Amino acid sequence: MASAIACRPPDDPSLIRVYHLTSADHAISNIALSRMKVSRFSDLNDPFELLALNVREASTRKVVRSFKDTYDTHTGLLCFSADWKQPVLWSHYAAKHHGVCLGFDVPRGDLQKVSYKADRVLAQLGDDPDPRRIDQKLQDLLLCTKSKGWEYEEESRRFVPLSDALQEGRLHFMPLGPSLQLTEVVLGALCQLDVRSVRELVTSKYPNAVTYRSRLAIKSFNVVPEESTVP
């Protein structure tokens, strides 16, 4: 784990440390307002989301796409990575290393690990008597299956009914709390935010959270803590 130098993982075995990378503006907003945006499948950057099934029949493809459209109307998700050392994560999700990584301790049982496949999944729609529906087992498979090309993310997902989230316009947010505890704030290697100012904000709301800056490693293609900024 890249943050091992700066912050030890949770002592409680029922919790797991996971990471969410975002822009600096969004990170500061999340910290100040004690919340995290709930993503929607229709907004994710992988066009194959919920479409991992290998099907030839047009009628089956129609059922799968209908499932994706319907699911998107009532359930969102929080996306996390197991680590933040991969520079591609910072490039894709943290404004090309100008952003911030937020570390959270969450209950293990709240997360579903993504499975990465080289090929699309060969499966039937299931045992649901209604041909317009997909059974629960296949739904669970589609919700957590992605192409092997995304494997660097080491992603886990927490699914959030939109009715349980805070709504602002068309956006939804999950409040931070016992099941979503902010524990680390890692500034990107090119982040323009002052680490001391961010630390003051973080400490004022989350006294046990650690704030520090990252840097590019000297001997590897990883991102690592900048030791001089670790409190």
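Preceding this paragraph is the structure being described.
Parameters at a glance
Residues numbered from 1 in each chain as written. Predicted model: local features only at pLDDT ≥ 70, side-chain atom pairs only at ≥ 80, totals over all residues. Heavy atoms only, no water. Helix = DSSP H or I, 4+ residues; strand = E, 2+ residues; numbered from the N terminus. Buried < 20%, exposed > 50% of the residue type's maximum accessible area, 1.4 Å probe, protein only. Pairing = 2+ DSSP bridges. Core = buried A, V, L, I, M, F, W, Y, C linked by side-chain atoms within 4.5 Å. Contact = heavy atoms within 4.5 Å.

Asks: Kindly report on the environment of Lys219, identifying the contributing residues and their values.
Replies: Here Lys219 lies in the loop between β12 (210–216) and β13 (223–225). Put simply, Lys219 and Val185 are 34 residues apart on the chain and 24 Å apart in space, counted from C-alpha to C-alpha.

Asks: Any details on the pairing of strand β3 (residues 75–81)? Residues and values, ideally.
Replies: Where burial is concerned, most of β3 is hidden: seven out of the seven residues are buried. Side-chain alternation along β3 places Thr75, Leu77, Cys79 and Ser81 on one buried face and Gly76, Leu78 and Phe80 on a second face that is also buried. Summarising the sheet, β3 and strand β8 (residues 155–161) pair through seven bridges and their orientation is antiparallel. From the neighbouring strand, Thr75 faces β8, where its bridge partner is Pro161.

Asks: A description of the nonpolar core should follow, citing residues and the corresponding values.
Replies: Ranked by size, the top nonpolar core spans 28 residues in total, and within it Phe104, Leu180 and Val185 carry the most contacts. Elements represented by at least two residues in this core include exactly α1 (24–33), β3, β4 (100–107), β11 (181–187) and α5 (195–205). The leading source of residues in this core is β4, at four residues. Those residues within four positions of Val185 in sequence are excluded, and the remaining contacts are Ile31, Val100, Cys101, Leu102, Val198, Val202, Val210, Thr211 and Tyr212.

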